[in-house]
Amino acid sequence: MRSPKDFFRPLAVGAPAPVREVPFRPSRMIHFFDPGNEKMAAKVPAIAPTVDVLLGNLEDAVAADRKEAARAGLVRTAKETDFGDTQLWTRVNSLDSPWALDDLITLVTEIGDKLDVIMVPKVEGAQDIHYVDRLLAQLEAKAGVTRPILVHAILETATGVANVEQIAGASPRMQGISLGPADLAASRRMKTTRVGGGHPGYLVREDPHADEVAPRATFQQDLWHYTIARMVDACAAHGILPYYGPFGDIKDTTACEDQFRNAFLLGCVGAWSLHPVQIDIAKRVFSPAPADVAWARKVIAAMGDGTGAVMIDGKMQDDATYKQCQVVASLADALAARDPELRDAYAAAEKETPA
Ligand SMILES: CC(C)(COP(=O)(O)OP(=O)(O)OC[C@H]1O[C@@H](n2cnc3c(N)ncnc32)[C@H](O)[C@@H]1OP(=O)(O)O)[C@@H](O)C(=O)NCCC(=O)NCCSC(=O)C[C@H](O)C(=O)O
Ligand SMILES: [Mg+2]
């Protein structure tokens, strides 16, 4: 482990100084596209203003014989597109693949000044982050990149989950972590073939009724609750951001929204969108509802310095609820600064809320 004194030193001579805090930038949806798919890449300029993050995916879902074309396509798209204040991320190939090294070298050298975050799949422990950290510093120094490219890990192996705390704290470059439910299911030998979401077989059943005839209700349970909660805690403890990952049943927009909302309520700031239809779902879910924001602001206003206990509309408020309300209000402020429609919705709800 690095000495705390050295933690914020660049890992290569001439590399930019590491960040001391992860800047909070709206990232309600990380929109995946295959940069080697010309039809999809052509849509990027139109999609860019509608999403918080665009991610050029080089890993799974890009066939082995298309890896180089995807990498070249991402370089081309990044150079030709004005992303405005939409972030550009990439997901490189896994570190045990023959493509990861070339992905990192090419992308930092060619478009390092445009890349905000590099997502690293199948991270198993701090050693994977340390490898990428040093390599990025060397490449940034060589390419003259002036701000550090941040790193995002995907939690998608059982070993990664066991080491999630050390992954979250491995480097000041760590921006966040996403759950990768498909690879994680395979790694754990879970018996689901779905990409995220629930499973009808994972349930609890109510007790038998006295007559032993009436049907017993069942309640489907959340397969991902434990992992998301664990990931959220690790991220919060290290000041980085947690995300739900992909929801693979593109047609089931209702279940996608439910999965995203569970993650939002547990503390995640965003999710991946794999298809254009998932963009607005993520935008809706990961933006606090106007009524909740109005309530939060009302509590903050009523609580003065945030100490003591008061009753508002029959509900007890104290130092802790004041902090809960600050979480909601500060997220709303950050999102409203990027999203004028949301800003207007928040202002309207506040006007309608009696003091
Ligand atoms: C899932 C898809 C393969 C579906 O594509 P398609 O069959 O073409 O869908 P549609 O006909 O409904 O598409 C309508 C139009 O929209 C365009 N399109 C589709 N997806 C995107 C997109 N992501 N970005 C931009 N544009 C998109 C189509 O080209 C159609 O255009 P047009 O014909 O002109 O109308 C496809 O959506 C897709 O490939 N999505 C990305 C998949 C992906 O990235 N997967 C990897 C991430 S999930 C993962 O890796 C698992 C994870 O790591 C884990 O372990 O859990
Ligand atoms: Mg995966």
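Quick notes on the rules
- Residues numbered from 1 in each chain as written.
- Chains lettered and ligands numbered in written order.
- Predicted model: local features only at pLDDT ≥ 70, side-chain atom pairs only at ≥ 80, totals over all residues.
- Heavy atoms only, no water.
- Helix = DSSP H or I, 4+ residues; strand = E, 2+ residues; numbered from the N terminus.
- Rg over C-alpha atoms; globule rule 2.2 N^0.38 Å.
- Buried < 20%, exposed > 50% of the residue type's maximum accessible area, 1.4 Å probe, protein only.
- Contact = heavy atoms within 4.5 Å.
- Areas by Shrake-Rupley, 256 points an atom, 1.4 Å probe, with all protein chains shown as cover.
- Lys, Arg positive; Asp, Glu negative; His and termini not counted.
- Charge placed at Lys NZ, Arg CZ, Asp CG, Glu CD.
- Patch = residues over 30% accessible without salt bridge, like charges linked within 9 Å, V, L, I, M, F, W, Y side chains within 5 Å.
- Salt bridge = Lys/Arg side-chain N within 4 Å of Asp/Glu carboxyl O.
- Core = buried A, V, L, I, M, F, W, Y, C linked by side-chain atoms within 4.5 Å.
- Donors = N, O, S within 2.8 Å, 3.2 Å for Na, K, Ca; no water.
- 1 Å grid on protein atoms, 1.4 Å probe; cavity = no way out; pocket = protein on both sides within 12 Å on 5 of 7 lines; lining within 4 Å.
- Points joined across faces, edges and corners; volume = space filled by probe spheres on them.
- Nonpolar A, V, L, I, M, F, W, Y, C, P; charged D, E, K, R; others polar.
- pLDDT = per-residue confidence, 0-100.
- Pairing = 2+ DSSP bridges.
- Axes fitted to C-alpha atoms, helices over the stretch in contact; angles between N-to-C directions.

I tried to follow the overall build of the protein on my own but got confused; where do I start?
Looking only at helices and strands, one finds 14 helices and twelve strands in the protein. A compact globule built from 355 residues should have a C-alpha radius of gyration of about 20 Å, and the protein, at 22 Å, falls within 12% of that. In terms of principal-axis extent, the alpha carbons of the protein reach across some 65 × 55 × 45 Å. Scored against the burial criterion, the 355 residues of the protein give a buried share of 47%. Sequence separation of at least 24 residues holds for 72% of the intrachain contacts in the protein that already meet a minimum separation of 6. Approximately 17,200 Å² of the protein is accessible, and the part contributed by carbon and sulfur atoms is 54%. Once the 38 positive and 47 negative side-chain charges of the protein are each reduced to a mean point, those two points are 4 Å apart.

How should a nonpolar patch on the surface be read in this particular structure?
A surface patch of nonpolar side chains, amounting to about 260 Å² of accessible area, comprises Leu101, Ile105 and Tyr131. Looking at the secondary structure, you find Ile105 in helix H4 (residues 100–111). Exposure remark for Ile105: the relative accessible area of 34% places this residue in the partly exposed category.

Even after reading the chapter, I still don't get the nonpolar core, so can you show me in this structure?
One recurring pattern in soluble globular proteins: nonpolar side chains tend to sit buried together. Residues Ile30, Leu54, Ile118, Ile177 and Phe260 are the most contacted members of the largest nonpolar core, which totals 79 residues. Per-element accounting of this core gives the leading share, six residues, to helix H5 (residues 126–143). Sequence-distant contacts of Ile118, defined by excluding residues within four places in its chain, comprise Thr90, Val92, Leu104, Val108, Leu136, Ile149, Leu150, Val151 and His152. One finds Leu331, Ala336, Leu342 and Tyr346 within the second-largest nonpolar core, a separate group that totals seven residues.

Help me understand unusual backbone geometry in this model?
Of all residues except glycine, most have a negative phi; of all peptide bonds, most are trans. Residue Lys122 is not a glycine yet carries a positive backbone phi of 55 degrees. Considering the arrangement of structural elements, one finds Lys122 in the loop between strand S4 (117–120) and H5. The residue Glu212 is not glycine, and still its phi comes out positive at about 60 degrees. The residue Glu212 is located in the loop between strand S7 (203–205) and strand S8 (218–220) in this model.

So what exactly am I meant to see when it comes to the coordination of the magnesium ion (ligand 2) here?
All of the protein donors around the magnesium ion (ligand 2) are Glu156 (OE) and Asp183 (OD); their distances to the metal are 2.0 to 2.2 Å. Taken together, the residues span a long stretch of sequence, with Glu156 in the loop between strand S5 (150–155) and helix H6 (158–162) and Asp183 in helix H8 (residues 181–188) at a distance of 27 residues. Classification of Asp183 by relative accessible area gives partly exposed; the value is 26%.

Help me out: how do you make sense of the layout of surface pockets in this one?
The gaps of empty space that remain are located by a probe, the size of a water molecule, rolled over the atoms. Within this model, the largest pocket holds a volume of roughly 690 Å³. Counting only elements with at least two residues in the lining of the largest pocket, the list comes to helix H9 (225–238), strand S9 (241–243), helix H10 (253–266), helix H12 (290–302) and helix H13 (319–338). With eight residues, the single largest contributor to the lining of the largest pocket is H13. Here the residues of the lining of the largest pocket are counted per class, giving 22 nonpolar, five polar and two charged. Put simply, the second largest pocket is a space of about 380 Å³. Asn57, Asp60, Ala61, Arg91 and Leu274 are the residues nearest the centre of the second largest pocket, which is lined by 19 residues in total. At three residues, H8 tops the list of elements feeding residues into the lining of the second largest pocket. Taken together, the residues of the lining of the second largest pocket sort by class into eleven nonpolar, two polar and six charged.

Quick question: what am I supposed to make of the confidence of the model for the protein here?
Close inspection of predicted coordinates is inappropriate for parts of the model with low pLDDT. Per-chain confidence: the protein averages 97 in pLDDT, with 100% of residues scoring 70 or above. This prediction of the complex comes with two scores: 0.97 for pTM and 0.99 for ipTM.

How should the sheet that holds S9 be read in this particular structure?
Consider a sheet: its strands pair through backbone hydrogen bonds, and that pairing is either parallel or antiparallel. Read from one edge to the other, the open sheet built from eight strands follows the order S9-S6-S5-S4-S3-S2-S1-S10, with strand pairing classed as parallel. Single-partner strands in this sheet number two, and they are S9 and strand S10 (271–273). Strand-to-strand twist of the sheet, defined as the mean angle between neighbouring strand axes without regard to direction, takes the value 25 degrees. Summarising the sheet, strand S1 (residues 29–33) and S10 pair through three bridges and their orientation is parallel. Note that in S10 the partner of His31 across the bridge is Ser273. Sitting on the sheet, H9 is in contact with S5, strand S6 (174–179) and S9, with an inclination near 175 degrees to S6.

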